[in-house]
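Breakdown of the fold
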Amino acid sequence: VQSKTKSCPRQQKQFSFSLKTSNEMDQPVKLAKVSRVLGRTGNTGNVTQVRVEFMDDGNAGGQAGRSIVRNVKGPVREGDILCLLEWEREARRLR
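Being a predicted model, the structure only gives us computed values, none of them experimental. Within any chain, residue numbers begin from 1 and follow the written order of that chain's sequence. The predicted nature of this model means local features are confined to residues of pLDDT at least 70 and side-chain atom pairs, given and counted, to a pLDDT of 80 or more, with totals for whole chains, interfaces and linings taken over all residues. Only hydrogens and water are set aside when side-chain values are computed; all heavy atoms of the structure are taken into account.

**Side note on the confidence of the model for the protein chain**
Model confidence for the protein chain is summarised by a mean pLDDT of 77, while 63% of its residues fall at 70 or above. Confidence of the predictor at the level of single residues is captured by pLDDT, which takes values from 0 to 100. Only heavy atoms enter the contact rule, under which two residues are in contact if any of them lie within 4.5 Å. For residues 17-22, every residue scores under 50 in pLDDT, and the model assigns this stretch two contacts once sequence neighbours within four places are set aside.

Laid out in structure tokens, this is it:
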């Protein structure tokens, strides 16, 4: 009895991605630097609340840039730079 095995060459799949532009994607983004990690929040503690300072604000007169509190999902530490798609809304403080 001969056993026949078929050798199946791996098929290489080629993916093509297309970037769709919409009104939301045409909006500019703002860069913000994490100045302080405030704590963990969320039901399971998977969200970190941080204070960020905007990098592109003009620091005229030696004043510090505008800073707000944001919620970040994923690993984050002081000094990280975030790319904010929406920068006018501030997160509620932890209690």
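**Things to note about the nonpolar core**
Listed in full, the eleven residues of the largest apolar core are A32, V34, V50, V52, F54, I68, V72, V76, L82, L84 and W87. Counting only elements with at least two residues in this core, the list comes to β1 (30-41), β2 (47-54), β3 (67-73) and β4 (81-84). What counts as a helix is a DSSP run of H or I of at least four residues, what counts as a strand is a run of E of at least two, and both are numbered from the N terminus. Looking at this core, the element that brings in the most residues is β2, giving three residues. Setting aside its immediate chain neighbours within four residues, F54 contacts K30, L31, A32, R66, I68, L84 and W87. Working definition of a nonpolar core: buried Ala, Val, Leu, Ile, Met, Phe, Trp, Tyr and Cys residues. They are joined through side-chain atoms within 4.5 Å. Working definition: with a 1.4 Å probe on protein chains only, accessible area under 20% of the residue-type maximum means buried, over 50% means exposed, and in between means partly exposed.

**Comments concerning the sheet that holds β1**
Only when DSSP finds a minimum of two bridges between them are two strands counted as paired. Pairing is antiparallel in the open sheet, where four strands are placed in the order β3-β2-β1-β4. Each edge of the open sheet is held by one strand with a lone partner, namely β3 and β4. Each neighbouring strand pair of the sheet contributes to a mean axis angle of 50°, computed without reference to strand direction. As judged from the eight bridges shared by β1 and β2, these two strands associate in the antiparallel manner. When the bridges of β2 are listed, R40 appears paired with T48. Axis lines are fitted through C-alpha atoms, for helices just across the contact stretch, and the angle between N-to-C directions can take any value from 0 to 180 degrees.

**Re the pattern of salt bridges**
When a carboxyl oxygen of Asp or Glu lies within 4 Å of a side-chain nitrogen of Lys or Arg, that pair is called a salt bridge. Evaluated as defined, the whole model comprises three salt bridges. Of the charged contacts, one joins R77 and D80 as a salt bridge, the two residues approaching to 4.0 Å between their closest N and O atoms. When its relative accessible area of 61% is taken as the criterion, R77 is described as exposed.

**Here we look at the environment of L84**
Here L84 lies in strand β4. Looking at L84, the relative accessible area reads 8%, which means it is buried. Between the C-alpha atoms of L84 and F54, which are 30 residues apart in sequence, the distance is 9.6 Å. Ignoring any residue separated from it by four or fewer positions in sequence, one finds L84 in contact with V29, K30, A32, V52, F54 and R70.

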